[in-house]
Amino acid sequence: MQRRTMTATAIGLALGLAALPAMAQNEFGSKELIAAAEKEGALTYYTANFAETEQEVIKEFNKRFPKIKVSMVRAPGGQLITRIKTEAAAGKLGADVVNHSDRGLMLELADLFQDYAPPNAADYRPDALVSPKLWPGVTLGWAIAYNTALVKNAPKTWMDLTKPEYKNKMIGQVVAPSGGTTWTRSMFERQVLGEDYWKKQAELGIAMYPSGAPLSDALVRGEVTIAPLLYNIIYTKIVEGAPAEAIFAPEGVPIIPYADGITKTAKSPNAAKLFMNWRLSKEGQAFQITKLGNITSLKEPPAFPKGWDPKVVKVWVPNFEQFEKLRTPWIEEWNKTYGYRQ
Amino acid sequence: MTATSVEALAAVNEVQRPPRRLAAPLWVAALLLLLTFLVIYPLLMLVFGALSDSNPIVDGFGAFKPSAKHFLEVLANPNVHLAFFNALAACGGGTILAVVIGLAFSWIVVRTNTPFKGFIAGASMIPLFVPPLVAGVAWGILGSPKTGLLNTALKWMNIDFRFDFYSMSGLIIVFGIYYAPYVYMFTASALKNMDPSLEEASEVAGASAFTTIFTITFPLIAPAILAGSLLSFVVMLGIYGVPAALGAPANINVLTTYIFKLTAWSPPLYNTAAAVAILLMAVTAILVWAQQRLLSGRSFATVAGKAFRPRSLNLGKWRWFTFGLALTYLFVVVVLPTLALIIAAFRKFLFIKDFDALFDMKQYSWVHFNSVFDNPLTMLSIWNTLKVGALTAVVGGALAFAIGYTVNRTNVAGRKSIDMLATLPIAIPGLVVGVAYLWAWIGLPGGLYGTLWILALAFVARFMPDTVKALSTSFMQIHKELEEAAWICGRGLLGTIRTIVLPLARPGVVASMTLLFVLAVRELGSSLFLYTSDTTVMAVLLLDYYEGGNVGKTAAFSLVQTLILAVLLGFTTWLSRDAAQGSARVG
């Protein structure tokens with residue numbers, strides 16, 4: 001019995017040892033893939049995310065794969081989609097990899113993308129995928145941020161943002177029609193926090209901003225004192241010492257899984273695959289969480305952002321069907337409720 | 001003069017000129033063909049977009065089902081009405097202010113003995129280099145009702161008054177002070193080229209200096225004033241950055257911010273944006289037509305074959321008053337926003353609790369500059385921008401000269417159409433025109449897409465009206481008798497252009513090429529669709545920083561951009577001054 005156990009252990013160990021380098025390789029791709037990717041030596045990356053954030057990702061990728069040069073083209077969401085469509089139709093699509101926050105728009109373009117799944121495909125939440133070709137290389141989440149020098153009684157929940165003590169444009173909001181990310185937040189507010197949440201909040205008098213970046217800047221400057229923000233926009237500022245803090249509210253954290261894919265016309269398909277594999281790997285996701293303030297769509301997160309208690313904080317992913325169907329009528333109502341002229 | 005006449009005499013003996021009868025139509029046809037490629041073809045794409053739901057490249061022309069749906073939607077939308085009214089109010093107010101400032105300035109610089117005129121003239125052009133987005137950001141930092149630096153200073157001085165630049169009046173003031181140089185450029189060169197004998201006659205007849213200005217000087221340079229105010233109005237109509245930064249916090253929409261929203265939403269509504277853009281074009285067409293009606297049939301030729309020197313009015317003690325006025329303007333338009341940008345660029349964060357916190361030196365560092373130059377795209381974008389700027393200035397300058405000369409100095413058939421085509425692009429907002437160029441040119445055979453040339457061509461087309469108009473005023477002022485004299489001496493057309501027109505119009509040519517360079521460096525809207533990873537330009541990178549929510553890096557990078565432009569412009573000024581002295585010696 002004892003001998004048997006020992007043998008089994010020995011075999012197991014031997015298998016395990018043999019599997020170790022193989023696993024390290026498999027995490028990002030086979031030896032052949034890596035060799036082929038390095039031979040291609042470059043890829044072009046289209047992104048709608050913040051340029052600086054994505055440059056950090058590229059830098060980190062290059063620490064592991066220094067022989068692959070990543071060229072980036074960055075444009076705001078709607079403009080990037082128009083460009084991809086037009087380039088593709090003219091047979092001049094320059095992208096090997098596309099990174100985009102609007103899953104609905106990317107789904108319409110699914111035909112441009114090749115079949116692809118990362119080695120750790122099974123580790124991803126199924127509700128974060130809209131197509132088997134498109135993967136959440138980036139996942140962002142909503143937090144409540146405030147200026148620490150100006151707010152005495154900081155909000156702790158989403159419901160706190162309807163309290164009369166925060167009236168008169170203390171709170172800033174990115175307008176709901178701004179894009180997929182803000183629509184996700186507005187949908188969460190209405191479906192989870194209550195039908196009358198918008199009305200209660202709008203009555204306080206809200207300062208409205210066209211997008212998250214100027215709002216995060218306004219928060220640091222003290223133009224507004226409290227603002228729901230995508231955590232990654234404010235996180236880097238907090239790390240650099242800005243007078244700001246951000247919390248994840250207990251009612252839930254609406255998250256936005258991106259839809260990233262490899263184009264069928266990719267000139268460097270292997271480099272593209274390796275880049276996607278790395279971004280979707282535990283290492284890639286952990287880097288984005290700890291250094292950039294992202295969230296992840298992995299079922300078991302390799303790391304948590306600061307202040308994220310996995311026992312308390314619940315992730316909220318919008319139902320994709322409702323996300324598409326409710327969008328126009330609800331945003332019209334949002335505009336009316338907040339008095340926003342579209 | 002002697003050298004010229006000797007050359008001219010020699011030219012009499014030159015053999016055969018090309019048959020003019022055939023050359024003129026060929027020349028007009030060539031220009032029309034070029035303008036069709038640069039203007040009409042992209043515009044057709046835009047009309048196509050406005051009249052359908054399809055993308056001409058993606059869906060093909062077969063999918064074109066014309067309908068007036070977008071037009072009707074746009075016309076019926078009350079938010080469009082409001083944005084339209086806001087745009088007219090902001091740009092109208094801004095233009096009036098710009099004319100007052102620009103005219104006063106050009107008079108002070110050209111016609112008075114105000115001290116340090118050269119310095120004032122140079123410094124007053126600085127607002128032109130500032131991208132509108134940066135101007136908007138800078139005035140937000142200065143004039144925000146809650147955290148504006150001006151208000152922080154007022155509070156410190158115990159003054160109750162507070163500025164609020166997040167308002168319509170804020171928009172008007174910022175538009176007015178930033179676009180005054182447009183008016184200045186036009187009126188200053190007109191004043192410089194004006195024969196002072198008319199003013200002298202007025203004074204001999206007993207009119208006061210004041211009366212002379214308003215009854216002789218300003219009416220004589222009316223085309224320049226009108227052209228300058230029209231141009232500044234139309235340019236303001238197309239500006240996105242200022243209303244985005246100052247109007248948005250107060251929920252004030254203008255047409256450009258509305259169009260930007262249409263293109264940025266997901267899904268983007270380009271077809272509706274194209275419909276709004278065509279409305280904008282209609283407004284501009286009416287303005288241009290009105291301007292031409294007003295000016296037609298009058299002669300504004302004030303540069304004749306007589307030698308004169310612009311007269312400088314001795315203001316006596318009052319010259320210190322005009323000097324003070326000029327300094328105040330420069331302080332408001334250059335020093336204050338630059339100071340705001342410097343503070344933003346060097347301060348780690350822009351949270352300034354009170355006035356004393358402004359002087360806490362621990363808060364200042366080079367950190368934003370370091371991270372800007374750590375970015376490998378920074379140097380690439382600077383280099384690309386310089387190349388595109390130079391290409392645009394040379395190609396656009398040459399084309400504008402050819403068009404300006406043909407329209408203003410010849411009687412060839414078809415010149416009116418050339419003029420009209422060259423004026424068309426003025427009203428199309430950059431973002432919409434960007435997508436029109438993409439639609440129009442991406443399918444062309446040859447590797448134009450993905451090169452710097454496609455950017456340069458887009459800029460040449462987009463800024464042709466500005467350049468042609470700037471040059472036209474110079475042409476209008478050169479009296480026909482000078483060219484006739486050359487012809488009598490036996491010069492051919494090209495010889496006359498080379499020896500008479502070009503040297504006389506040189507200040508205008510240099511100014512328009514410089515203007516083109518500056519506009520090309522600043523241009524964002526059309527770059528956004530045409531740049532690729534290898535051809536990224538500074539304006540695109542600046543938007544990346546702004547959209548990343550980083551005022552510090554945005555400010556640092558815009559200071560870098562301003563510095564580069566200032567160095568280059570200083571260099572061209574030095575070059576042209578040197579050349580002018582050289583030619584003066586020869587003459």
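Residues numbered from 1 in each chain as written. Chains lettered and ligands numbered in written order. Predicted model: local features only at pLDDT ≥ 70, side-chain atom pairs only at ≥ 80, totals over all residues.

**Here's the deal with the overall build of chain A**
Item 1. A count of helices and strands for chain A gives 13 helices and 11 strands.
Item 2. Here chain A has a C-alpha radius of gyration of 22 Å; the compact-globule value for 342 residues is 20 Å, and the two agree.
Item 3. Projected onto its principal axes, the C-alpha coordinates of chain A cover approximately 70 × 65 × 40 Å.
Item 4. Across the 342 residues that make up chain A, the buried fraction comes to 51%. (Helix = DSSP H or I, 4+ residues; strand = E, 2+ residues; numbered from the N terminus. Rg over C-alpha atoms; globule rule 2.2 N^0.38 Å. Buried ≥ 20, exposed ≤ 12 C-beta atoms within 10 Å, placed from the backbone.)

**Considering the sheet that holds strand S10 (residues 259-262) of chain A**
Residue and element names in this part refer to chain A.
Item 1. Read across the open sheet, the four strands follow the order S2-S1-S3-S10; overall the sheet is mixed. Strands at the two margins of the open sheet, each flanked by one partner only, are strand S2 (69-74) and S10. Taking each pair of neighbouring strands and ignoring which way they run, the sheet shows an average axis angle of 15°. (Pairing = 2+ DSSP bridges. Axes fitted to C-alpha atoms, helices over the stretch in contact; angles between N-to-C directions.)

**Remarks on the interface of chain B and chain A**
Item 1. In this assembly, 40 residues from chain B lie in contact with 50 residues from chain A.
Item 2. Listed by contribution, the elements that provide at least two residues to the side of chain B that touches chain A are helix H4 (78-111), helix H14 (255-264), helix H20 (430-441), helix H24 (527-530) and helix H25 (538-547) of chain B.
Item 3. Element by element, the count of residues in the side of chain B that touches chain A is highest for H20(B), at three residues.
Item 4. Its residues assigned to classes, the side of chain B that touches chain A shows 21 nonpolar, 14 polar and five charged. (Contact = placed C-beta atoms within 7 Å. Nonpolar A, V, L, I, M, F, W, Y, C, P; charged D, E, K, R; others polar.)

**Digging into the pairing of strand S4 (residues 139-147) of chain A**
All names here are of chain A.
Item 1. Where burial is concerned, most of S4 is hidden: nine out of the nine residues are buried.
Item 2. Alternating residues of S4 divide into Thr-139, Gly-141, Ala-143, Ala-145 and Asn-147 and Leu-140, Trp-142, Ile-144 and Tyr-146, and every residue in both groups is buried.
Item 3. Inspection of the sheet shows S4 paired to strand S9 (residues 253-257) by three bridges, in the antiparallel sense. Looking across to S9, one finds that Leu-140 is bridged to Ile-256.
Item 4. Looking at chain direction, S4 and strand S7 (residues 226-230) are connected through five bridges and run antiparallel. For Tyr-146, the partnering residue across the bridge sits in S7 and is Ile-226.
Item 5. Here S4 runs beside strand S8 (residues 244-247); their pairing, made up of four bridges, is antiparallel. Looking at S8, one finds that Asn-147 is bridged to Ala-244.

**A short note on the domain arrangement of chain B**
All names here are of chain B.
Item 1. Splitting chain B by domain gives domain 1 (1-9 + 29-49 + 369-587) and domain 2 (80-258 + 296-341).
Item 2. Spacing between the C-alpha centres of domain 1 and domain 2 amounts to 23 Å.
Item 3. With 32 residues of domain 1 at the interface, the matching set in domain 2 holds 27 residues.
Item 4. When contributions to the side of domain 1 that touches domain 2 are tallied by element, the ones reaching two or more residues are helix H21 (452-477), helix H22 (480-488), helix H23 (493-522), H25 and helix H26 (551-586).
Item 5. Each residue belonging to the side of domain 1 that touches domain 2 can be placed in one class, and the counts come to 19 nonpolar, nine polar and four charged. (Domains from an automatic or database assignment.)

**Re the environment of Phe85(B)**
Item 1. Here Phe85(B) lies in helix H4.
Item 2. Separated by 169 residues in sequence, Phe85(B) and Val254(B) have C-alpha atoms that sit 7.9 Å apart.

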